[in-house]
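Listed here are the chains, written in short residue letters.
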Amino acid sequence: MEPQASGRPRGLPSTNGKAKLRRHSSGDLSSTKVEKVNGVAKGAHQEGANSGSVTLPAKTANGLTRELRPKVDRKPSSDRNWRNVVSPMMPAFMTSAPGKVIVYGEHAVVYGKAAMAAAVSLRSYLLVTALSKSQRTISLRFPDISFSHTWNIDDLPWALFSKPSKKKFYYDLVTTLDPELVKSLQPHLTVISPNVTGEQRKIHHSAAISFLYLFLSLGSQSFPGCVYTLRSTLPIGAGLGSSASISVCLSSALLLQIRTLAGPHPDQPREEAELQIERINRWAFVGELCIHQNPSGVDNTVAAYGKAVLFKRHDYSKPPVATPLFNFPELPLLLVNTKQSRSTATEVGKVSALKRTHPGITEHILDAIDGVTESAHRLISAPNFDPESRDSAKALGDLMNVNHGLLAALGVSHPRLERIRELVDFAGLGWTKLTGAGGGGSAITLLRPDAKPESLRTLESQLDTEHYERFEATVGGDGVGVLWPAVLRNGTDEEGGEEIDQEKFLRADGREGVEKLVGVGVLEKRDGWKFWRVGD
């Protein structure tokens, strides 16, 4: 769905004067060059004579199979000097990636059925700031989870990570972690957050190991000292793909620092843009491996590519099949976090127990959910699909209602989720379903194109009164983005734009402060953010 001139997607009501997500055209990342290897540009797409009319299943870096044209990430003829590491005095720059919501197909996907996940406009943001040449440290700061730690670059286990039998390069496909490398990081993890315990310490540990494993895999001991500062508008642990969003931010930043990404720029061929995203995606999957051990790869694929993905996993001994939906429309969404803690394993266990007790009935319900997902896919893929029409919105919304009802029949809803549906239905604002594992977590509401702003404000007030956390957002937007240098035109008096430095970034007050300062598409003149796009 294309935005209006105001920057607000058509059909998304304006409330309290808040600006909404809008799309930006790609631009040139002038500091990134395409280098040639054996006469072929790194990052360029190589095809056979008939490749223009052939689509083949292609293994992604994270093990997913996608219906994409074949491409080659060609290894340099010599690994000597393959890293043209950016100067220590590089400008500060930023990367950003979205979270995700499951739109259709929760739980059924566990049993080999289809599910559809889409990028949500809540995002993570990473600011990379170089230090002087004499400062041999790297720091990871993540104030939203109260995390900050600094490591001495020369103390890290470079000797092990650089061994020929261990060394990985930017073009490599990594689908498992090396246990010896993970073990070598333990002394550098035990020292973090010494006064933090329990779940919070686990979150800190996950952030640190993901960062260090990626840094040591892609960087080198001669890497310049840097501060990596993360902020996120995504709630952590709400089933919205926050860890994958952060992993995409980290992998894209490190790949930019070693100058192995081309673009984004306006005339970049689709195939080349696709290859750049896939490089980011494969290393983001490595970050997810550090956190989740056995991730599906779907969250990082959505965070890297944006838009949406249709995926299935028939056999858990094999990778899932994921089909990016590049033409998925941007749709207005109200996302509500119940703040009710839940366990994905517990909710999956409920369905498993029901299937053992009532196998025939449960299988019929799972088949029906699969039918809902496939119906939504056909609807969105139809040539005459108009996301701005009431009929199209109603068709998608009806499928959301049916999907939720089937999930409730499986026993994975919760009174807090049902209360959200009750409030939305009473206000007549849209169609609501749980998203993710259920049992708490979050719910999504597809807003009606003619939803009245005053009715939405009344609903928001009621949700606030009942201690829900709410977000107005869109689904189906952009994936990974780059702001190089970290300068935005925010309507300030600063000549050439507003420079985003660490002080401003850290001082941004909460989610709204981060979005106001650097948010993708938040302001009318938010020039600077660039995106690799393969579906425009």
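Structure: above.
Residues numbered from 1 in each chain as written. Predicted model: local features only at pLDDT ≥ 70, side-chain atom pairs only at ≥ 80, totals over all residues. Heavy atoms only, no water.

### Observations concerning the packing of helix H5 (residues 270-292) against helix H6 (residues 298-305)
Right, so step 1: Running from N to C, H5 and H6 cross one another at 145°; their axes reach a closest spacing of 9 Å. When the axes of H5 and H6 are compared, the crossing they make is right-handed. Along the contact surface, H5 presents Glu274, Ile277, Glu278, Asn281, Ala284, Phe285 and Glu288, while H6 presents Asp299, Asn300, Thr301, Ala304 and Tyr305.
Right, so step 2: For the contact of H5 with H6, the residue count by class is five nonpolar, three polar and four charged. (Axes fitted to C-alpha atoms, helices over the stretch in contact; angles between N-to-C directions. Helix = DSSP H or I, 4+ residues; strand = E, 2+ residues; numbered from the N terminus. Left-handed = near helix turned anticlockwise from the far one by under 90°. Contact = heavy atoms within 4.5 Å. Nonpolar A, V, L, I, M, F, W, Y, C, P; charged D, E, K, R; others polar.)

### Here we look at empty space enclosed by the protein
Right, so step 1: The full count for this structure, using the stated rule, is six cavities of 30 Å³ or more.
Right, so step 2: Its boundaries defined by the atoms lining it, the second largest cavity holds a volume of some 80 Å³.
Right, so step 3: The wall of the second largest cavity is formed by Val103, Tyr104, Phe328, Leu331, Leu333, Ile380, Leu396, Met400, Leu446 and Val475.
Right, so step 4: The set of elements that each furnish at least two residues to the lining of the second largest cavity consists of strand E5 (93-104), strand E12 (331-337) and helix H9 (390-409).
Right, so step 5: Here the lining of the second largest cavity is composed, by residue class, of ten nonpolar, no polar and no charged. (1 Å grid on protein atoms, 1.4 Å probe; cavity = no way out; pocket = protein on both sides within 12 Å on 5 of 7 lines; lining within 4 Å. Points joined across faces, edges and corners; volume = space filled by probe spheres on them.)

### Remarks on the pattern of salt bridges
Right, so step 1: If you walk through the whole model with that rule in mind, you get 22 salt bridges.
Right, so step 2: Between Lys166 and Asp178 there is a salt bridge whose closest N-O contact spans 3.0 Å. Of this pair, Lys166 sits in the loop between helix H1 (158-161) and helix H2 (179-189) while Asp178 sits in the loop between H1 and H2; the two residues are twelve residues apart in sequence, bridging distant segments of the chain.
Right, so step 3: For Lys166, a relative accessible area of 14% puts it in the buried group.
Right, so step 4: Asp178 gets classed as buried once you look at its relative accessible area, which sits at 18%.
Right, so step 5: Here Lys355 ties to Glu363 by a salt bridge, and the two come within 3.4 Å at their closest N and O atoms. (Salt bridge = Lys/Arg side-chain N within 4 Å of Asp/Glu carboxyl O. Buried < 20%, exposed > 50% of the residue type's maximum accessible area, 1.4 Å probe, protein only.)

### Considerations on the packing of aromatic side chains
For any pair of aromatic rings, geometry is given as the distance between the ring centres together with the angle between the planes.
Right, so step 1: All chains considered together, the criterion is met by twelve aromatic pairs.
Right, so step 2: Joined through ring pairs, the aromatic side chains of Trp151, Trp158, Phe211, Phe215, Phe223 and Tyr228 make up one cluster.
Right, so step 3: Positioned above the aromatic ring of Phe169 is the side chain of Lys167, whose terminal nitrogen or guanidinium carbon lies 6.0 Å from the ring centre.
Right, so step 4: The aromatic ring of Tyr468 is capped on one face by Arg416, whose charged end is 3.8 Å from the ring centroid. (Phe/Tyr/Trp six-rings, centres within 6.5 Å; stacked < 30°, edge-to-face > 60°. Lys NZ or Arg CZ within 6 Å of the ring centre and 35° of its normal.)

### Some details on the nonpolar core
Right, so step 1: Core analysis: the biggest nonpolar cluster contains 65 residues, and Ile138, Trp151 and Tyr228 have the highest contact counts within it.
Right, so step 2: At ten residues, helix H3 (residues 198-218) tops the list of elements feeding residues into this core.
Right, so step 3: Not counting residues within four places of it along the chain, the set of residues in contact with Tyr228 comprises Leu126, Leu127, Val128, Ile138, Ser139, Leu140, Arg141, Phe211, Phe215, Phe223, Leu254 and Gln257.
Right, so step 4: Among the nonpolar cores identified, the runner-up in size contains 56 residues, and Val101, Val336, Val351 and Ile444 belong to it. (Core = buried A, V, L, I, M, F, W, Y, C linked by side-chain atoms within 4.5 Å.)

### Topic: the pairing of strand E8 (residues 147-152)
Right, so step 1: Here E8 shows a buried face lined by Phe147, His149 and Trp151 and an unburied face lined by Ser148, Thr150 and Asn152.
Right, so step 2: Of the pairings in the sheet, the one linking strand E7 (residues 137-142) to E8 comprises six bridges and is antiparallel in character. Across the sheet, Ser139 pairs through a bridge with Thr150, a residue of E8.
Right, so step 3: The antiparallel hairpin formed by E7 and E8 contains four residues in its connecting segment, where Ser146 sits at a positive phi of about 60°. (Pairing = 2+ DSSP bridges.)

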